[in-house]
Amino acid sequence: MFLLDDHEVVRRGLRELLESEGDLEVVGEAGTAEEAYGRIPATTPNVAILDVRLPDGDGVEVCREIRSNHPEIACLMLTSFADDEALFSAIMAGAAGYLLKQVRGTDLVDGVRRVGRGESLLDPSLTARVLERLRQAPEPDELAGLTDQERRILDHITEGMTNRQIGEQLFLAEKTVKNYVSNVLAKLGMSRRSEAAAYAARLSERREHRDPHG
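Anyway, here's the lowdown on the structure attached to this text.

The rules behind each value
- Residues numbered from 1 in each chain as written.
- Predicted model: local features only at pLDDT ≥ 70, side-chain atom pairs only at ≥ 80, totals over all residues.
- Heavy atoms only, no water.
- Helix = DSSP H or I, 4+ residues; strand = E, 2+ residues; numbered from the N terminus.
- Buried < 20%, exposed > 50% of the residue type's maximum accessible area, 1.4 Å probe, protein only.
- Axes fitted to C-alpha atoms, helices over the stretch in contact; angles between N-to-C directions.
- Parallel < 35°, antiparallel > 145°, perpendicular 65-115°, else oblique.
- Contact = heavy atoms within 4.5 Å.
- Nonpolar A, V, L, I, M, F, W, Y, C, P; charged D, E, K, R; others polar.
- Salt bridge = Lys/Arg side-chain N within 4 Å of Asp/Glu carboxyl O.
- Polar contact = N/O pair within 3.5 Å; in protein donor to acceptor, adjacent residues only side chain to side chain.

Across its full length, the protein chain holds ten helices and seven strands. Of all 214 residues assigned to the protein chain, the portion counted as buried reaches 43%.

So this is what it looks like as structure tokens:
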């Protein structure tokens, strides 16, 4: 696995905890997002443990990038704060789990093993709380200005698909999808995929209430 945290003491503690298990090996580590972008693909871990808050970015963006280009790598977010927005962003970025740094060592080790097996650690009650908060948020302006293709891209973002997965679905190059995503966010006046996904989900839910029979 790979460790991303800006505190060397935290990384050292995580490494000692994990490698003391015998069956777990830390193949690399980084202290910044920039380092992680290069080192994670180079070391090909099956699990990447990512700190959410970094000096030059955030672990959620690292997760999104890694999951987009290397979907075989499971990402486990580790943070000091129970932040609903960060949790939802992590879900939309494709994270397999989200743990607080106060977690017991045995629970962390168990979590790493579980996401390594392809399981999800996302707590349904936390997820439900995030979605409820988003449902109560005020509605932005309508999605006027999006092309049909951009609407399809937005639909796939809402489903939590990575750029690579969207490209495979729509027979587009990954770079082309990335450009479409940038256009969609710009037109919606948003900076994050999670914002756009939440908006599209609310619109869909509202349409269903208006016309429950479709």
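This is not the end of the story, as more comes after the structure.
With that settled, consider the packing of helix α8 (residues 163–170) against helix α9 (residues 174–188). In the contact formed by α8 and α9, the axes pass within 8 Å of each other and the chain directions differ by 105°. Considering the angle they form, α8 stands roughly perpendicular to α9. Contacts between α8 and α9 pair N163, R164, I166 and G167 from the former with E174, V177, K178 and V181 from the latter. Of the residues in the contact of α8 with α9, the class split is three nonpolar, two polar and three charged.

A few words now on the pattern of salt bridges. Inspection of the entire model under this criterion finds 15 salt bridges. When the shortest N-O distance is used, the salt bridge between R113 and E21 registers 3.2 Å. Placement of R113 in helix α5 (residues 105–116) and of E21 in the loop between α1 (8–19) and β2 (28–30) is noted, with a sequence separation of 92 residues between them. Given the relative accessible area of 27%, R113 is considered partly exposed. With a closest N to O distance of 2.8 Å, D23 and R113 form a salt bridge. Of this pair, D23 sits in the loop between α1 and β2 while R113 is found in helix α5, placing the two residues 90 residues apart along the sequence.

What follows covers the side chain of S68. Among the structural elements, S68 can be located in helix α3 (residues 59–69). You can call S68 buried: its relative accessible area is 7%. A distance of 3.0 Å separates polar atoms of two side chains, one belonging to S68 and the other to E174. Setting aside anything within four residues of it in sequence, one finds S68 in contact with T162, N163, R164 and E174.

Relative to the elements of secondary structure, R64 occurs in helix α3. Exposure remark for R64: the relative accessible area of 12% places this residue in the buried category. Once residues within four sequence positions are removed from consideration, R64 is found in contact with S89, A93, R193 and S194.

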